[in-house]
Amino acid sequence: MRTLLNVIWLVLCGIWMALGYVIAGVICCLLIVTIPFGLASFRIANYALWPFGRTMVDRPHAGAFSTIGNVIWFLVAGWWLALGHLITAVGLALTIIGIPLAWANLKLIPISLVPLGKDIVPAGTPHHAPSTNFSGVPANLAR
């Protein structure tokens, strides 16, 4: 089912959304200072091409530079990309087959607004190892 949804997604809106991210990434890579934004944009373009079966999670050790970068990203490119996701979601929601695709577009909006400090992982995988106590036993099992 994921493959079918991904193929439909790719044809109806994935290519266009990924193209928006690639354009933002190329613009960001033109200047040396904004290369991290360009790399984040390319990573999200890959995710926007084939979103079903993958998810984005917070990187556990993202610091203040990610926060500052996300503010700059929001002002320069993030809100344009989020607007593209919103417009595409409204158009897709007009058809019954497009409702799951519209929902996927809406789930991409937060990522398009603040992409730094995020990782793309397959759905259902643990995001990071649970914290352990001094004995090496996971904290949630050491009761």
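These remarks concern the structure in this document. Model, not experiment: these values are computed from the prediction.

**Describing the layout of surface pockets**
Okay, so step 1: Size it by volume and the largest pocket reaches roughly 180 Å³.
Okay, so step 2: Surrounding the largest pocket, Y47, P51, F52, R54, T55, P100, W103, A104, K107, L108, I111 and A123 form its lining.
Okay, so step 3: Elements supplying a minimum of two residues to the lining of the largest pocket: β1 (54-58) and α4 (99-113).
Okay, so step 4: At six residues, α4 tops the list of elements feeding residues into the lining of the largest pocket.
Okay, so step 5: For the lining of the largest pocket, the residue count by class is nine nonpolar, one polar and two charged.
Okay, so step 6: Here the second largest pocket defines a volume of roughly 150 Å³.
Okay, so step 7: Residue lining of the second largest pocket: G20, I23, A24, I27, C28, V76, A77, W80 and L81, and that is the complete set.
Okay, so step 8: Of all the elements in the fold, those that place two or more residues in the lining of the second largest pocket are α1 (2-29) and α3 (64-92).
Okay, so step 9: A breakdown of the residues in the lining of the second largest pocket according to their chemical character gives eight nonpolar, one polar and no charged.

**Observations regarding the environment of Y21**
Okay, so step 1: By the element assignment, Y21 lies in helix α1.
Okay, so step 2: Overall, Y21 belongs to the buried group, its relative accessible area being 0%.
Okay, so step 3: At a separation of 2.8 Å, a polar atom in the side chain of Y21 contacts the side chain of H85.

**Here we look at the packing of aromatic side chains**
Any aromatic ring pair is given by two values, namely how distant the centres are and how the planes are angled relative to each other.
Okay, so step 1: Going through the model one piece at a time under the given rule, you end up with three aromatic pairs.
Okay, so step 2: Plain terms: the ring middles of W9 and F52 are 6.2 Å apart, the flat faces sit at 85° to each other, and that makes the pair edge-to-face. You can see W9 sitting in helix α1 and its partner F52 sitting in the loop between α2 (35-49) and β1, a full 43 residues away along the chain. Here W9 and F52 have matching classes, each one buried.
Okay, so step 3: For the pair F37 and W73, a centre-to-centre distance of 6.4 Å together with 35° between the ring planes defines the contact as tilted. Remark: W73 occurs in helix α3 and F37 occurs in helix α2; sequence separation between them is 36 residues.

**Some words on the state of the cysteines**
Okay, so step 1: Following the criterion strictly, the structure yields zero disulfides and no others.
Okay, so step 2: Cysteine C28 shares no disulfide, and the gap to the nearest cysteine sulfur, in C29, comes to 7.0 Å.

**With respect to the nonpolar core**
Okay, so step 1: The biggest cluster of nonpolar side chains holds 27 residues, and the ones touching the most others in it are W9, Y21, F52, W73, L101 and I111.
Okay, so step 2: Within the residue set of this core, elements represented by two or more residues are α1, α2, α3 and α4.
Okay, so step 3: Here this core takes eight residues from α1, the largest share from any one element.

**What about the side chain of S112?**
Okay, so step 1: Considering the arrangement of structural elements, one finds S112 in helix α4.
Okay, so step 2: You can call S112 buried: its relative accessible area is 0%.
Okay, so step 3: A polar side-chain atom of S112 sits 2.8 Å from the main-chain carbonyl oxygen of I109.
Okay, so step 4: The residues touching S112, leaving out its near neighbours within four places in the chain, are Y21, W73, G78, L81, A82 and H85.

Parameters and conventions
- Residues numbered from 1 in each chain as written.
- Predicted model: local features only at pLDDT ≥ 70, side-chain atom pairs only at ≥ 80, totals over all residues.
- Heavy atoms only, no water.
- 1 Å grid on protein atoms, 1.4 Å probe; cavity = no way out; pocket = protein on both sides within 12 Å on 5 of 7 lines; lining within 4 Å.
- Points joined across faces, edges and corners; volume = space filled by probe spheres on them.
- Helix = DSSP H or I, 4+ residues; strand = E, 2+ residues; numbered from the N terminus.
- Nonpolar A, V, L, I, M, F, W, Y, C, P; charged D, E, K, R; others polar.
- Buried < 20%, exposed > 50% of the residue type's maximum accessible area, 1.4 Å probe, protein only.
- Polar contact = N/O pair within 3.5 Å; in protein donor to acceptor, adjacent residues only side chain to side chain.
- Phe/Tyr/Trp six-rings, centres within 6.5 Å; stacked < 30°, edge-to-face > 60°.
- Disulfide = S-S within 2.5 Å.
- Core = buried A, V, L, I, M, F, W, Y, C linked by side-chain atoms within 4.5 Å.
- Contact = heavy atoms within 4.5 Å.

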